[in-house]
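Residue strings, one per chain:
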Amino acid sequence: GAVVSQHPSRVICKSGTSVKIECRSLDFQATTMFWYRQFPKQSLMLMATSNEGSKATYEQGVEKDKFLINHASLTLSTLTVTSAHPEDSSFYICSASQTPNTEAFFGQGTRLTVV
Amino acid sequence: AQSVTQPDIHITVSEGASLELRCNYSYGATPYLFWYVQSPGQGLQLLLKYFSGDTLVQGIKGFEAEFKRSQSSFNLRKPSVHWSDAAEYFCAVGAEVLTGGGNKLTFGTGTQLKVEL
């Protein structure tokens, strides 16, 4: 099956700094990538959808200036949490899909802790 | 807007017993339906999906799910649970197939499955 790799799996950063999370499709070209956020013992909430070479589409309530998404190639999307604060601590998961498939494959997630 | 309800937050079953996890969705047309499993601190693994056709869908690890339009349900079943099935299970609905592929998924709140030996 298709493999999506997310890096790092865990990161701890100081409040006010920025953190970059990478999402790579290893064996297919991902025309669309999705970024989700999961709070402890809660469901996944879609943050944004990105298509290669274009600006990401953010869901309502998600600050695009805080959560910068770049999808510069067909195998890589990045999420940068800028000026992180403790309330940004969460589990971030990406998924990727390829035209014309309707299924998306998930990465293993990144646990972000802001101290 | 689409929504998903998983009424059971926690379920405990004995190993070897049968399992049914409930999922109800809300969407105006025929949705794309998914069941995912998540182990602690891990991403999501797709168990099965329904797009169209046969309403009884077979998935991996012996799981199956049945799409019932009249009940707006997509319940997940397994005839005999193994201890390794203990995990969190998420039902998801995707209504919009994007130009680049994939669906914007709306997830239920999840059901935590505990298996007693």
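Residue indices follow the written sequence of each chain, beginning from 1 at its first position. Whichever chain is written first becomes A and whichever ligand is written first becomes 1, with later ones labelled in order. A pLDDT threshold of at least 70 governs which residues receive local features in this predicted model, and a stricter bar of 80 or more applies before side-chain atom pairs are shown or counted, although totals over entire chains, interfaces and linings include all residues. Water and hydrogen atoms play no part in the side-chain values, which are based on all heavy atoms of the structure.

Help me understand the overall build of chain B, please; the structure alone is not making it clear to me.
When helices and strands are tallied, chain B shows zero helices and twelve strands. For chain B, the N- to C-terminal ordering of α and β elements is β-β-β-β-β-β-β-β-β-β-β-β. Each radius of gyration reported is based on C-alpha atoms, and the globular scaling rule is 2.2 Å times the count of residues to the power 0.38. Here the C-alpha radius of gyration of chain B, 14 Å, is about what a compact globule of 117 residues would show, namely 13 Å. Seen along its three principal axes, the alpha-carbon backbone of chain B occupies a region of about 45 × 30 × 25 Å. Remark: exposure states derive from per-residue accessible area (1.4 Å probe, protein chains only) relative to the maximum for the residue type, with buried under 20%, exposed over 50%, and partly exposed in between. For chain B, the residues scored as buried account for 47% of the 117 residues in total. Every residue pair with non-hydrogen atoms within 4.5 Å of one another is taken to be in contact. For chain B, contacts bridging at least 24 residues in sequence account for 54% of all contacts bridging at least 6. All accessibility values rest on the Shrake-Rupley procedure with a 1.4 Å probe; residue burial counts only the protein chains present in the view. On chain B, roughly 5500 Å² of surface is accessible, and the fraction owed to carbon and sulfur atoms is 48%. Think of it this way: Lys and Arg go in the positive column, Asp and Glu in the negative one, and His and the chain ends go nowhere. Where a charge lies is defined by one atom per residue type: Lys uses NZ, Arg uses CZ, Asp uses CG and Glu uses CD. Charge centroids of chain B, computed over 9 positive and 10 negative side chains, lie 4 Å from each other. A helix here means a DSSP run of H or I that spans at least four residues, while a strand means a run of E at least two residues long, and both kinds are numbered starting from the N terminus.

Explain the sheet that holds strand 8 (residues 76-81) of chain A to me, please; I cannot follow it from the model alone.
For sheets, the rule is that strands pair by backbone hydrogen bonds, running either parallel or antiparallel. All names here are of chain A. Strand pairing is assigned whenever DSSP identifies at least 2 bridges connecting the two strands. Pairing is antiparallel in the open sheet, where four strands are placed in the order 1-3-8-7. Two strands in the sheet have a free side with no partner beyond their single neighbour: strand 1 (4-7) and strand 7 (67-73). Strand-to-strand twist across the sheet, computed as the mean angle between neighbouring axes with direction ignored, equals 15°. As defined by bridge partners, strand 7 adjoins strand 8 across five bridges and the pair is classed as antiparallel. Every angle, taken between N-to-C directions, lies between 0 and 180 degrees, and every axis is a line fitted to C-alpha atoms, over only the stretch in contact when it is a helix.

Looking at this structure, I do not really get the pattern of salt bridges. What am I missing?
Two side chains that carry opposite charge are able to pair once their charged atoms sit near each other. Residue and element names in this part refer to chain A. Salt bridges are defined as contacts in which a side-chain nitrogen from Lys or Arg sits within 4 Å of a carboxyl oxygen from Asp or Glu. Under the defined criterion, the tally for this structure stands at seven salt bridges over all chains. Between K66 and D88 there is a salt bridge; the shortest N-O distance is 2.9 Å. Pair noted here: K66 is in the loop between strand 6 (57-58) and strand 7 and D88 is in the loop between strand 8 and strand 9 (90-97), with a separation of 22 residues, a long-range link. You can call K66 buried: its relative accessible area is 11%. A relative accessible area of 4% places D88 in the buried class.

Got a minute to help me understand the interface of chain B and chain A in this structure?
How big an interface is tends to be stated in terms of accessible area lost as the parts join. If you look at the interface, chain B gives 24 residues, while chain A gives 24 residues. Here's the idea: put two parts together, see how much 1.4 Å probe accessible area each one loses, and the total over both is what we call buried area. In total, about 1700 Å² of surface goes out of reach between chain B and chain A, with carbon and sulfur atoms giving 55% of it. Here chain B and chain A share one salt bridge between them. Of the charged contacts, one joins B:K104 and A:E59 as a salt bridge, the two residues approaching to 3.0 Å between their closest N and O atoms. The set of elements that each furnish at least two residues to the side of chain B that touches chain A consists of strand 5 (32-38), strand 6 (44-50), strand 10 (87-97) and strand 11 (103-107) of chain B. Split into classes, the residues belonging to the side of chain B that touches chain A amount to eleven nonpolar, eleven polar and two charged. In this classification, the charged set is Asp, Glu, Lys and Arg, the nonpolar set is Ala, Val, Leu, Ile, Met, Phe, Trp, Tyr, Cys and Pro, and all remaining amino acids, among them Gly, are polar.

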